[in-house]
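Geometric and topological summary
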Amino acid sequence: MRKDIPSLIKKKLTQESQSTCPFCGEDDVSTAQFHHIKPLAAGGANSLENLIYICANCHSKVTQGQISQGEVMRAKQMLVHDVHPQLKDERESNIIQLDFSKGSNSGVIANRVEKVEIKTTRKSVNINPPHGSIGSSLPHRNYTKHLIDRCHDFKRMEVGQDGMKYAILYQQIKKRFGTKWDMIPLERFDDLVMYIQSKIDKTRHGKIQNASAKKNYSSFAEYLEKYGGYGDI
């Protein structure tokens, strides 16, 4: 029998999302639902870490695959770090604003401070890979990075250092899987591995290696046997 989500968990999830869907900004609580990031049927739990507040419309999109698992995990991680994808807190009365990009500390300081907002010239916020992603498992992360580095090495032999564009492979992975390589769910690890391996095999050096019956890369099992996932080749 499927267990109900505890009311306390629902309350915390609602607070975490500020009663607003992280994908579309819908704030009508009557449409609110709670999505299991890892399905109950796959061993997921009714825990705060495995659930995300979401509107019914976006829940349907997640189910249909229009919103990827990687996007769901990224949104959850942002909420955990108090960064809402759809909201910006503009209540100056509760914020200290420090703009270091202009070389000054001018800003607005109120009597009651609840939040500190620091503005910098950085254009992005670093989000740690969430639980259940490739980046959260050191062996899987290191092997994937080994393949990415090997692909870059082979491509550099072909075009030279000056002709290298390292960002291309990362962009191709993101376009194909819907998120950064280390944010991809572990369930898709094999798909990612085969994709990067095919990229290596298609390089000029990769084709030469294959023609000479030489291996272009270690398998995941070979990598673990030699390094245990904690080093690189």
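Predicted model only: the values in this text are computed from it and were never measured.

Looking only at helices and strands, the protein has 8 helices and 4 strands in total. Helices and strands appear in the protein in the N-to-C order α-β-β-α-α-β-β-α-α-α-α-α. Here the protein holds 233 residues, and the buried ones make up 36% of them. Considering only residue pairs separated by 6 or more positions, the protein has 58% of its internal contacts joining residues 24 or more positions apart. Working note: accessible area of the protein is about 14,600 Å², and carbon and sulfur atoms make up 49% of it.

So, on to the nonpolar core. Ranked by internal contacts, the top residues of the largest apolar core, which has 19 residues, are L147, I173, L192, I196 and I200. Secondary-structure elements contributing two or more residues to this core are helix 4 (138-159), helix 5 (167-177) and helix 6 (189-201). The element best represented in this core is helix 6, accounting for 6 residues. Core analysis: the next-biggest nonpolar cluster, separate from the first, contains 12 residues, I52, I54, A75 and L79 among them.

Next up on the list: the pattern of salt bridges. Under the criterion given, the structure shown has 6 salt bridges. Here K145 makes a salt bridge to D149, at a shortest N to O gap of 2.7 Å. A residue pair is termed a helical-turn pair when its members lie 3 or 4 positions apart in one helix, as K145 and D149 do in helix 4 at 4 residues. Across the pair E158 and K155 runs a salt bridge, and its minimum N-O distance is 3.3 Å. Of the two residues, E158 and K155 are both situated in helix 4; the distance of 3 residues between them amounts to about one turn of the helix. Relative accessible area serves as the criterion here: at 34%, K155 is assigned to the partly exposed category.

On to the environment of K180. Summarising the element assignment, K180 is placed in the loop between helix 5 and helix 6. Between the C-alpha atom of K180 and that of P129, which follows or precedes it by 51 residues, the distance is 9.4 Å.

Attention now moves to the side chain of Q209. Tracing the sequence through the fold places Q209 in helix 7 (residues 204-211). Overall, Q209 belongs to the buried group, its relative accessible area being 15%. Dropping the residues within four chain positions of it, Q209 is found in contact with F154, K214, K215 and N216.

Summarising burial for strand 2 (residues 51-55): 5 of the 5 residues are buried, a large majority. Residues L51, Y53 and C55 line one face of strand 2 and the alternating positions I52 and I54 line the opposite face, and both faces are buried. Where strand 1 (residues 32-36) and strand 2 come together, 5 bridges link them in antiparallel fashion. Across the sheet, residue A32 finds its bridge partner in strand 2, namely C55.

The next thing to look at is helix 5. Among the residues making up helix 5, those that are buried are L169, I173 and F177. For helix 5, the angular spread of buried residues about the axis comes to 50 degrees, placing them on one side. Turned more than 90 degrees away from the buried face of helix 5, the exposed residues are Q171 and K175. For helix 5, the secondary structure elements touched by its buried residues are helix 4 and helix 6. Of the residues flanking the end of helix 5, it is G178, one or two places downstream, whose phi is positive at about 85 degrees.

The rules behind each value
One numbering rule holds for all chains: residues counted from 1, following each sequence as written. Given that the model is predicted, a residue must reach a pLDDT of at least 70 before its local features are reported, and side-chain atom pairs must reach 80 or more before they are shown or counted; all residues, however, enter totals for whole chains, interfaces and linings. Heavy atoms from the whole structure form the basis of all side-chain values; hydrogens and water molecules are not counted. Note on conventions: DSSP H or I runs of at least 4 residues are helices, E runs of at least 2 residues are strands, and numbering of each starts at the N terminus. Each residue is placed in one exposure class: buried if its accessible area under a 1.4 Å probe, protein chains only, is under 20% of its type's maximum, exposed if it is over 50%, and partly exposed if it falls in between. Contact definition: two residues touch when any of their heavy atoms are within 4.5 Å. Using a 1.4 Å probe, accessible areas were evaluated by the Shrake-Rupley method; residue-level cover was limited to the displayed protein chains. The criterion is simple. A nonpolar core is a set of buried Ala, Val, Leu, Ile, Met, Phe, Trp, Tyr and Cys residues joined through side-chain atoms within 4.5 Å. Here, a salt bridge means any Lys or Arg side-chain nitrogen found within 4 Å of an Asp or Glu carboxyl oxygen. In this description, strands pair whenever DSSP reports at least two bridges between them. Directions pointing from the helix axis toward each C-beta atom define the arc.

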